[in-house]
Amino acid sequence: MDQPKPRESLLRPLRIGTLLLPRNLLLAPLAGISDLVFRSVTRPLGCALAFTEMVSARGLVQGGGGSRRYIATDGEDRPLGIQLFGSEPGILMEAARIIAGETEADVIDFNMGCPVRKVLKTGAGAALLRDPLKVSPILEALRKAVSLPLTVKIRSGWTHGTRNFREIGRIAASCGVDAVTLHPRTADQGFSGISQWQDIGELKADLSIPVIGSGDIGNPGDAGRMLGDTGCDAVMIGRGALGDPWIFSNTAAYLDTGVPPPAPAPGEKLAVLLNHLGKSLDFYGERAGIRNFRKHLAWYTKGMPGGAAFRRRAVLLEDRNILIPEIKGFFDDVEKGLSGGA
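Residues numbered from 1 in each chain as written. Predicted model: local features only at pLDDT ≥ 70, side-chain atom pairs only at ≥ 80, totals over all residues. Heavy atoms only, no water.

Colleague: Explain the nonpolar core to me, please; I cannot follow it from the model alone.
Modeller: A general feature of soluble globular proteins is that nonpolar side chains tend to end up buried together. Counting 84 residues, the largest nonpolar core has Leu84, Phe110, Met112, Leu139, Leu142 and Val152 as the members making the most contacts within it. Broken down by element, the residue count for this core peaks at 7 residues, all from helix α4 (residues 89-102). For Leu139, the contacting residues outside a window of four places in its chain are Phe110, Met112, Leu150, Val152, Ala172, Cys175 and Val177. Counting 21 residues, the second largest nonpolar core, distinct from the first, contains Val272, Phe293, Met304 and Phe331. (Core = buried A, V, L, I, M, F, W, Y, C linked by side-chain atoms within 4.5 Å. Buried < 20%, exposed > 50% of the residue type's maximum accessible area, 1.4 Å probe, protein only. Helix = DSSP H or I, 4+ residues; strand = E, 2+ residues; numbered from the N terminus. Contact = heavy atoms within 4.5 Å.)

Below is the structure:
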């Protein structure tokens, strides 16, 4: 009897212009989440390329402190993608040159997928999908401004009836963009409903540049199915990494072997959590660092026995010398419960 052929690994290198990545697993730009702290947590756990949250091109050019804070980085925060949003070619060109000249960014990404109202009303984000004639001048300006690898992140269209992702993808490729990321929901969906992965496959069939799939990657199996079903070159993980930054290492193992890895033990989860908290305190300071970390603490402990009661206590604590023992005590109780201890 013929032996079945060994499964081909779905874990592959990814080239974006001049940048060669060892793995095809990327961290999405997430507003309020993908700061230097979170990026530095995901990198040792297998994230091959991490993006900043989106940065206003106009804010960067005008010297706004908020925009500068979003691109804060350090020598270990590499490879790094900085995501810009805006709608004015000249401003975007200037912002791209600031990034190329003042940071060690490896990629500039242009956002054409954000469905948030305050972004849309400026004509930026997913609003550009309504008027493809505006896309070429923007991408040509960005391409002219820098030699860095240039990527774009798009949605399937403005509405289901105006799904123009293939047109936008072809425009991007013709303007010298090095890769396209597609989140296959329409702008009017927001994050509701189910992403239509078949759109990723259609775009991949259309383009010769890399296509990165995004949307509804909650576990390693989802990443494997997206890569296998669509033929895309890489997956971008966003909300699936919240409270689960080791989704990258677990996904890498699964893509390579086809064997689902075990869930992290409480002790492993605690070590990552405390490292994350320490980085947040160092970056933001005591008070802001704890407040910024609270949402992450809720995600890390979601679904754990006694988690709801613990979170009600922990959200009131603003002193690391009280919060950290509380966290350790909670995880100790969880571990004792799993082992049958008293």
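That covers the picture; the talk isn't over yet.
Colleague: Looking at this structure, how should I read the environment of Val259?
Modeller: By the secondary structure assignment, Val259 is in the loop between α10 (247-257) and α11 (266-284). Since its relative accessible area comes to 52%, Val259 is described here as exposed. Linking Val259 and Gly221, residues 38 residues apart in sequence, is a C-alpha distance of 9.5 Å.

Colleague: Just to check I follow, could you spell out empty space enclosed by the protein for this structure?
Modeller: Any empty space left between the atoms is revealed when a probe the size of a water molecule rolls over them. Applying the stated criterion across every chain, the model contains 1 cavity of 30 Å³ or more. The space that makes up the largest cavity amounts to roughly 50 Å³. Lining the largest cavity are Asp35, Leu36, Glu53, Arg69, Tyr70, Ala72, Phe283 and Tyr284. Every element with two or more residues in the lining of the largest cavity is listed here: α3 (65-70) and α11. (1 Å grid on protein atoms, 1.4 Å probe; cavity = no way out; pocket = protein on both sides within 12 Å on 5 of 7 lines; lining within 4 Å. Points joined across faces, edges and corners; volume = space filled by probe spheres on them.)

Colleague: Explanation requested: the pattern of salt bridges in the structure shown.
Modeller: Oppositely charged side chains may form a pair once their charged atoms are brought near each other. Throughout the structure, instances matching the rule amount to 20 salt bridges. A salt bridge links Arg291 to Glu318; the nearest nitrogen and oxygen atoms lie 3.0 Å apart. With Arg291 in helix α12 (residues 286-301) and Glu318 in the loop between α13 (307-314) and α14 (320-339), this pair connects stretches of sequence that are 27 residues apart. Accessibility expressed as a relative area gives 31% for Glu318, which makes it partly exposed. Note that Glu318 and Arg294 form a salt bridge whose closest N and O atoms lie 3.3 Å from each other. Of this pair, Glu318 sits in the loop between α13 and α14 while Arg294 sits in helix α12, and the two are 24 residues apart along the sequence. Through salt bridges with shared partners, a single network forms among Arg287, Arg291, Arg294 and Glu318. (Salt bridge = Lys/Arg side-chain N within 4 Å of Asp/Glu carboxyl O.)

Colleague: Can you walk me through the state of the cysteines in this structure?
Modeller: On inspection of all chains with the given rule, the structure shows 0 disulfides. Cysteine Cys232 is unpaired, with the sulfur of Cys47 as its nearest cysteine sulfur at 16 Å. (Disulfide = S-S within 2.5 Å.)

Colleague: For this particular structure, what's the right way to read the environment of Arg294?
Modeller: Residue classification places Arg294 among the partly exposed positions, given a relative accessible area of 24%. In this view, Arg294 contacts Val315, Leu317 and Glu318; residues no more than four positions away in its chain are not counted. Reaching out from Arg294, the side chain makes a polar contact with the side chain of Glu318 at a distance of 3.3 Å. (Polar contact = N/O pair within 3.5 Å; in protein donor to acceptor, adjacent residues only side chain to side chain.)

Colleague: Is there a simple way to explain the side chain of Asn24 in this structure?
Modeller: The topology assignment puts Asn24 in the loop between β2 (19-21) and β3 (25-27). Classification of Asn24 by relative accessible area gives buried; the value is 0%. Dropping the residues within four chain positions of it, Asn24 is found in contact with Leu10, Leu11, Arg12, Leu14, Leu227, Asp233, Ala234, Val235 and Leu255.

Colleague: Teacher, can you tell me more about the pairing of strand β11 (residues 234-237) here?
Modeller: Looking along a regular strand, one sees the side chains alternate between the two faces of the sheet. The alternating pattern of β11 places Ala234 and Met236 on one face and Val235 and Ile237 on the opposite face, and all of these are buried. Of the strand pairs in this sheet, β3 and β11 are connected by 3 bridges, and their pairing is parallel. Looking at the pairing, Leu25 lines up with Val235 of β11. Note that strand β10 (residues 211-214) and β11 share 3 bridges and pair parallel. (Pairing = 2+ DSSP bridges.)

These results come straight from atomic positions and should not be treated as a statement about function.
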